[in-house]
Amino acid sequence: MEASKDVDGGSSTMTVHVKFTGRTLPVSLPEDATVDELKSLLQPLTNVLPRGQTLIFKGRVLTDKVSLKSVPVTNGSKLMLIASQGLHQGDGPITKDSTSQTANSRRILDAKKAQVSHTKTFIEKSRPEKWKLTGVVALSECHLEAVPEEVWSCESSVRVLDISNNFIHEVPTKVGLLQSLNKLLLNANNITDDSISWEGLSSLKSLTILSINQNCLTTLPSQVGTLTSLCQLHLSNNKIKSLPDELGSLNKLEILKVANNRLSSIPLTIGNCKSLVEIDLSCNLLIDLPETVGNLLDLKVLILRNNGLKSLPPALFKMCTQLSTLDLHGTQITNDSLRQIEGWKDFDERRRAKHQKQLDFRVGSSGVFDEGADDDQIHR
């Protein structure tokens with residue numbers, strides 16, 4: 001079938017077939033449309049936000065700004081859609097058969113909106129059942145001011161709770177009812193020190209990922225030490241001034257990100273977090289690091305840019321033999337001073353080998369090797 005020509009003489013339209021959750025969605029769109037525009041058309045058909053969509057064509061992952069015809073995706077092409085967990089609207093991805101796509105995509109969008117309106121009551125009533133079935137409560141970007149009470153009724157059925165990017169100002173003690181919770185995402189809300197129940201959080205013994213980025217926290221209480229299953233702790237973009245000694249109890253912690261806060265020191269007990277692989281302490285007020293950082297033998301990534309650091313623990317390179325990424329830009333530690341630290345040569349070989357590997361696989365590298373710190377003349 002040939003692509004149709006716009007009646008006004010504009011760009012031609014084409015129909016592509018997107019496979020998703022066992023069904024095929026026909027989508028009509030202009031021939032010169034981008035991948036991003038296709039994702040926008042798929043959102044009302046799947047309930048998956050564009051940033052949670054991965055489109056694959058002939059084994060290739062398509063990037064947003066690429067035009068479809070350059071891939072080339074043509075009329076009748078078949079693509080596959082994969083949805084990321086936690087990036088669904090409302091009740092998650094649509095799995096029921098949808099109305100067939102016509103040549104006029106605007107009419108289809110209007111029809112979908114009408115369908116949602118007519119079935120709103122049914123969807124609202126069935127939300128807890130769906131959450132219990134999937135174990136995932138995805139309520140990101142839903143303009144919420146409070147966590148819906150029906151969430152707490154799911155209790156131990158919930159494994160993932162994502163309420164990021166809302167206006168929520170309270171995480172009540174009831175969060176402790178979610179005994180099977182593995183992943184809790186609270187990013188970009190209005191959460192303060194007094195509005196989050198750490199008593200409730202401390203009951204979540206299965207919690208492996210806790211993310212409270214971009215809120216209004218000024219302290220991290222000692223109760224965080226009770227979350228001994230934590231593998232990832234994300235606290236960036238708050239106003240946190242200190243970390244508690246109890247942080248050292250998190251011996252399974254692999255990733256710690258506390259960038260863009262007001263930390264002036266790091267507790268000595270961080271050396272007890274023997275599983276740490278990645279630490280991001282960028283954009284804080286640190287003037288030194290404790291010697292115990294040298295105990296983190298599995299550490300591979302250490303981000304310290306934009307702090308007041310003048311030196312590193314002397315044993316860092318010698319003890320942390322897995323370290324291959326170190327960012328000290330915006331500190332008083334220069335490339336020349338780094339070269340004076342014992343073990344620097346072995347560290348330099350590791351990071352250059354990693355850089356070459358990224359080049360070979362074209363992963364996250366611009367081709368320019370980063371020395372990791374500023375040159376001396378910048379500080380003169």
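Just so we're clear, the structure is a prediction, and the values are computed from it rather than from any experiment. (Residues numbered from 1 in each chain as written. Predicted model: local features only at pLDDT ≥ 70, side-chain atom pairs only at ≥ 80, totals over all residues. Heavy atoms only, no water.)

> Which residues make up the sheet that holds strand 1 (residues 13-20), and what are the values?
Pairing in this open sheet of five strands is mixed, and the strands run 2-1-5-3-4 from one edge to the other. Among the strands making up the open sheet, the edge pair consists of strand 2 (23-30) and strand 4 (60-61). Of the strand pairs in this sheet, strand 1 and strand 2 are connected by eight bridges, and their pairing is antiparallel. Note on strand 2: the bridge partner recorded for Val16 is Val27. Of the strands in this sheet, strand 1, strand 2, strand 3 (53-57) and strand 5 (78-83) touch helix 1 (residues 35-46), which is tilted by about 135° from strand 2. (Pairing = 2+ DSSP bridges. Helix = DSSP H or I, 4+ residues; strand = E, 2+ residues; numbered from the N terminus. Contact = heavy atoms within 4.5 Å. Axes fitted to C-alpha atoms, helices over the stretch in contact; angles between N-to-C directions.)

> Outline empty space enclosed by the protein, supporting the account with residue identities and numerical values.
In this structure the tally under the stated criterion is one cavity of 30 Å³ or more. Taken as a whole, the largest cavity holds about 30 Å³ of empty space. Lining the largest cavity we find Ile266, Ile270, Ile279, Leu281, Leu289, Val293 and Leu302. Partitioning the lining of the largest cavity into residue classes produces seven nonpolar, no polar and no charged. (1 Å grid on protein atoms, 1.4 Å probe; cavity = no way out; pocket = protein on both sides within 12 Å on 5 of 7 lines; lining within 4 Å. Points joined across faces, edges and corners; volume = space filled by probe spheres on them. Nonpolar A, V, L, I, M, F, W, Y, C, P; charged D, E, K, R; others polar.)

> For the environment of Val27, give the residues involved together with the corresponding values.
By secondary structure assignment, the location of Val27 is in strand 2. Considering only alpha carbons, one finds Val27 and Leu41, 14 residues apart in sequence, at a separation of 7.6 Å.

> Kindly report on the packing of aromatic side chains, identifying the contributing residues and their values.
Geometrically, a pair of aromatic rings is defined through the distance of the ring centres and the angle of the planes. For the structure on display, the rule yields one aromatic pair. With a centroid separation of 4.5 Å and 5° between ring planes, the pair formed by Phe317 and Phe347 is classed as stacked. Here Phe317 is found in helix 6 (residues 316-319), whereas its partner Phe347 is found in helix 8 (residues 344-361), with 30 residues between them in sequence. Per residue, the accessibility class of Phe317 equals that of Phe347, and both read buried. (Phe/Tyr/Trp six-rings, centres within 6.5 Å; stacked < 30°, edge-to-face > 60°. Buried < 20%, exposed > 50% of the residue type's maximum accessible area, 1.4 Å probe, protein only.)

> Now, about the confidence of the model for the protein: what can you tell me, with residues and values included?
With 84% of its residues at a pLDDT of 70 or more, the protein shows a mean pLDDT of 86. Low pLDDT (under 50) marks residues 96-105, which in the prediction has 19 contacts with non-local residues, meaning those over four places away or in another chain. Confidence drops under pLDDT 50 across residues 118-123; counting only partners more than four residues distant or on other chains, this segment forms two contacts. (pLDDT = per-residue confidence, 0-100.)

> So what about the sheet that holds strand 8 (residues 183-185)? Which residues, and what values?
Across the sheet, which stays open at both edges, the nine strands sit in the order 6-7-8-9-10-11-12-13-14 with parallel pairing between neighbours. Looking at strand neighbours, the two that pair on one side only are strand 6 (136-138) and strand 14 (325-327), the edges of this open sheet. Across the sheet, the mean angle from the axis of one strand to that of its neighbour is 5°, orientation sign disregarded. Taken together, the three bridges between strand 8 and strand 9 (residues 209-211) define a ladder with parallel strand orientation. The residue of strand 9 that forms the bridge with Lys183 is Ile209.

> Can you tell me about the pairing of strand 2, naming the residues and giving the values?
Of all eight residues that make up strand 2, six are buried, and the element is covered over most of its length. Between strand 1 and strand 2, which follow one another and run antiparallel, lie two residues, and Thr21 among them has a positive phi close to 50°.

> Describe the pairing of strand 3, with residues and values.
With four of five residues buried, strand 3 lies mostly within the body of the structure. Pairing of strand 3 with strand 5, which is carried by four bridges, proceeds in the antiparallel orientation. Within strand 5, the position partnered with Ile56 by the bridge is Met80. Pairing between strand 3 and strand 4: two bridges, direction antiparallel. Paired with Ile56 across the strands is Val61, a residue of strand 4. Joining the antiparallel neighbours strand 3 and strand 4 is a turn of two residues, in which Lys58 adopts a positive phi near 55°.

> I'd like a description of the side chain of Ser195, backed by residues and values.
The residue Ser195 is located in the loop between strand 8 and helix 5 (198-201) in this model. Excluding anything up to four places from it in sequence, Ser195 contacts His169, Glu170, Val171 and Asn190.

> Give a detailed account of the pattern of salt bridges, specifying residues and quantitative values.
Tallying each qualifying case throughout the model produces 11 salt bridges. Among the ionic pairs, Lys65 bridges to Asp36, the shortest N-O distance being 3.8 Å. With a gap of 29 residues between them, Lys65 in the loop between strand 4 and strand 5 and Asp36 in helix 1 connect regions that are remote in the sequence. The class for Lys65 is exposed, based on a relative accessible area of 70%. In this structure, Glu149 engages Lys174 in a salt bridge whose closest nitrogen and oxygen atoms are separated by 2.7 Å. Residue Glu149 is found in helix 4 (residues 149-152), and its partner Lys174 is found in the loop between strand 7 (160-162) and strand 8; the two are separated by 25 residues along the sequence. When its relative accessible area of 51% is taken as the criterion, Glu149 is described as exposed. Residue Lys174 is classed as partly exposed on the basis of its relative accessible area, which comes to 37%. (Salt bridge = Lys/Arg side-chain N within 4 Å of Asp/Glu carboxyl O.)

> Explain the side chain of Ser236 residue by residue, including any values.
Mapped onto the elements, Ser236 comes out in the loop between strand 10 (232-234) and strand 11 (255-257). A distance of 3.1 Å separates the side chain of Ser236 from the backbone nitrogen of Ala259, its partner in a polar contact. Discounting residues that sit within four places of it in the chain, Ser236 has contacts with Ile212, Asn213, Gln214, Lys257, Val258, Ala259 and Asn261. (Polar contact = N/O pair within 3.5 Å; in protein donor to acceptor, adjacent residues only side chain to side chain.)

> Residues and numbers for helix 1, please.
Over its 12 residues, helix 1 runs 16 Å from end to end, which matches the ideal 16 Å to within 8%, given 1.5 Å per residue. Buried residues of helix 1: Val35, Leu38, Lys39, Leu41, Leu42, Gln43, Leu45 and Thr46, and no others. Downstream of helix 1 by one or two residues, Asn47 has phi in the positive range, about 65°. (Expected span 1.5 Å × (residues − 1).)

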